[in-house]
Amino acid sequence: MAMSLGNNASIWSWSDANGKLQQNIVDNYTLHLLSDYFIIQPMVRDAKECLVIDRTTEEIQIQNVLPNVNGALRRSIHGIIGIINLISGPYLIVITSKQRIGDINGHAIYKVQTTDIIPYARNMSHLNEHQIKYNTKYLSMVELVLRTEAFYFSYSYDITHTFQRLQSSTSDFYTMPFIERADQRFVWNRYLLSSFVKNRTIARFALPLIHGFVALHTLNINGRSLNYGVISRRSTQRAGTRLFIRGIDDDGRVANYVETEQILQLDDAACSYIQIRGSVPCYWTQLPDLRYKPKATVLPSNNHMIAFRQHFEEQEYYYGKQFLISLTNHHGAEGRLNAKYRELCEGSQNKYLKFEDFDFHKECAGMRYDRLTILLARIVADQDDYSYFAVTKNGTLHCQQTGVFRTNCIDCLDRTNVVQSLFAKRILEEQLQRYNIIQYRETIDSYKQLSNIFKNIWADNADVISLQYAGTGALKTDYTRTGQRSTMGLFKDGYNSCMRYVLNNFYDGFRQDGIDLFLGNYRISSDEGRTPESCPISKELSKKFLALPITMFLAFSMCIINLLIPAASFREQMTYVLFWGAATISTLAITIFWGQELVDAPKLYSKAKRD
């Protein structure tokens, strides 16, 4: 198969020697719901094959003739997400509505809008009271994951891979079903589709989803049409929520790992630029304990270097050289974490690694974000050396990206987003100058439409990635959107910080359980829940611990009341105020001491519990 870049080749759309597209997935089906079967019928002309799922034996097979579907309930669906086993049995998860985000050279990219979770079982009569309760809770976990922003897919383009990975792949790669050839690090429904990959014919119905962010915009600059976009792919490895999943695991996988690809498509060429983010690659924790900012603690371990080396061996395989940008504070707990990172980097003696620590909060204090030019000046030579990927429409390779910048702060969210957008901006300007879209020494700020699209895409990317990990939008996005910090932006950051506190302490355990269930890190046994003791989610917070926050609230209320309502004498009033104030402070101290008992902690399998 020829791999020249054209309307029917390479990263634009793959074709074989006869010009036929490779392994596209059907974009519309009718789901026939019968008492004994699910029948999934592709709604395309001349389609003969249909997928039949036996609701009793759970067997999946292809039939060349549509079975009798008289009396069936019919639903229009747009793809199969997969099958998940809960206490009541398997559930089929399908896409019921989608939103078109944009195109990559004619290949439509979609976002999942709504889904349906359909049980194989006709009723719950085979379950006892406890099992029905726990099954409902498990189901709500899956629903919560599916409602989280945002899942994306394409029927004809493999969005799990970067332009460069697709261009360098062999022709045999494109004869495989999407689910087989996808980058498994980023396929969020890989576990759910495990029943489909056993048979290549059935695998053609499997639709891989990525979780992250996609934005694509078409615009015209100086009479030239271009398509600009950003694709962020969140890894399934060590996936989870902000405070429960930190650092590295024994396999070298890190928390909040995201590959972000900036793409630029012109009439005669295509470019991409890759950056990655990921948690500080050593063993450390920061479990919620009701404090506003729990202490980040580097764990004592002899295996820090082993896991560190494993992580970067894999990174070098995918990306080549690595420039590590650490934006954490240089003092306190963050400083100790940063020092460990530098120690591991220097101790690894890896010639493909470079390390730069930049105390973002210190350097940019007082909203002096212009000082980020200091960091930019330090990395510019290496950014030029690593280059970016660019290929012409006829397949001529202009350049390849030979290394990446790996950026992190404590969360790999807010500070990381700001710096990644700066690096992306510089590369985009270089690409536009190279292909004569803008003049040499011009910046994208000279073009209002392009500047606004760039800033808003990167700010939206920051918000969505933050929402998935921390539960709220990102901080500091006013700078990304406008190029400067504002008072309103500070107020918004304050609101999001408060919301993060509430979500991370009182809701993220349930969300973490949902992620582990969805990804197959925890698998429900067939007899789970027959007794409460056999089901991990049966554990409830001990009511004795609720007495602490209730007592604190009552004491604080009495303190305020005595401040506002005068007593017979000032001395008497101050006695009451001091008494209730002391009661408030003492119960607050006891509450914080028992903080980890009061937070919503994960109950299922979690990598946070293994480390």
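The coordinates are above.
Residue indices follow the written sequence of each chain, beginning from 1 at its first position. Local features in a predicted model are, by the rule used here, given only for residues with pLDDT of at least 70; side-chain atom pairs are given and counted only at 80 or more, and totals for whole chains, interfaces and linings are based on all residues. The basis for the side-chain values is all heavy atoms of the structure; hydrogens and waters are excluded.

Asks: Which parts of the structure should I look at to understand the overall build of the chain?
Replies: Strands here mean DSSP runs of E at least two residues long; helices mean DSSP runs of H or I at least four residues long; both are numbered from the N terminus. Counting secondary structure elements, the chain contains 17 helices and 20 strands. For 611 residues, the compact-globule formula gives about 25 Å, and the C-alpha radius of gyration of the chain, at 27 Å, lands near that figure. Principal axes of the C-alpha set define a box for the chain whose edges measure 95 × 70 × 50 Å. Considering only intrachain contacts with a sequence separation of at least 6, the fraction spanning at least 24 residues in the chain is 67%. For the accessible areas, the method is Shrake-Rupley and the probe is 1.4 Å, while residue cover comes only from the protein chains on display. Surface summary for the chain: the accessible area is close to 26,400 Å², and the carbon and sulfur share equals 53%. Values of the radius of gyration come from C-alpha atoms, whereas the globule rule sets the reference at 2.2 Å times the count of residues to the power 0.38. By definition in these notes, contact holds between two residues if any of their heavy atoms fall within 4.5 Å.

Asks: In this structure, what is going on with the sheet that holds strand E4 (residues 60–63)? I would like to understand it.
Replies: Hydrogen bonding along the main chain pairs the strands of a sheet, whether they run parallel or antiparallel. We treat two strands as partners when DSSP finds at least two bridges between them. As summarised here, the arrangement of the 5 strands in space is E4-E3-E2-E1-E5, forming an open sheet in which the pairing is antiparallel. Two strands in the sheet have a free side with no partner beyond their single neighbour: E4 and strand E5 (73–77). Neighbour-to-neighbour, the strand axes of the sheet open up by a mean angle of 25 degrees, direction not taken into account. Two elements, strand E3 (residues 50–54) and E4, share 4 bridges in a ladder whose sense is antiparallel. When the bridges of E4 are listed, cysteine 50 appears paired with glutamine 63. Axes, fitted as lines to C-alpha atoms, cover a helix only where it is in contact. Angles between the N-to-C directions of the axes lie from 0 to 180 degrees.

Asks: When you look at the environment of aspartate 249 in this model, what are you seeing that I'm missing?
Replies: Secondary-structure assignment places aspartate 249 in the loop between strand E11 (224–234) and strand E12 (258–265). Residue classification places aspartate 249 among the buried residues on the basis of a relative accessible area of 5%. Placed 33 residues apart in sequence, aspartate 249 and cysteine 282 show a C-alpha to C-alpha distance of 8.1 Å. The term polar contact refers here to a pair of N or O atoms within 3.5 Å; inside protein, the definition further demands a hydrogen-donor-capable atom paired with an acceptor-capable atom, and it admits residues adjacent in sequence only when both atoms are side-chain atoms. Only 2.9 Å separates the side chain of aspartate 249 from the backbone nitrogen of arginine 253, close enough to count as a polar contact. We call a residue buried when its accessible area falls under 20% of the maximum for its residue type, exposed when it is over 50%, and partly exposed in between, using a 1.4 Å probe and counting protein chains only.

Asks: I would appreciate a short explanation of the packing of aromatic side chains in the present structure.
Replies: Here the distance between the centres and the angle between the planes together describe a pair of aromatic rings. Side-chain rings of Phe, Tyr and Trp, where Trp is taken by its six-membered ring, are said to pair if the distance between their centres is within 6.5 Å; with planes under 30 degrees apart they count as stacked, over 60 as edge-to-face, and otherwise as tilted. Under the criterion given, the structure shown has 20 aromatic pairs. Seen in terms of ring centroids, tyrosine 29 and phenylalanine 205 are 6.0 Å apart; in terms of plane orientation they differ by 35 degrees. Their pairing is tilted. Taken together, the residues tyrosine 29 in strand E1 (residues 29–33) and phenylalanine 205 in the loop between helix H4 (200–203) and strand E10 (210–221) connect sequence positions 176 residues apart. With respect to burial, tyrosine 29 and phenylalanine 205 carry one shared label: buried. Here phenylalanine 405 and phenylalanine 423 contribute two aromatic rings whose centre-to-centre distance is 5.1 Å and whose plane-to-plane angle is 55 degrees, an arrangement assigned as tilted. Residue phenylalanine 405 is located in strand E20 (residues 403–408), and its partner phenylalanine 423 is located in helix H9 (residues 414–434); the two are separated by 18 residues in the primary sequence. The pair formed by phenylalanine 405 and phenylalanine 423 is uniform in burial state, with each residue classed as buried. These aromatic residues form a ring-pair network of at least three members: Phe323, Tyr386, Phe405 and Phe423.

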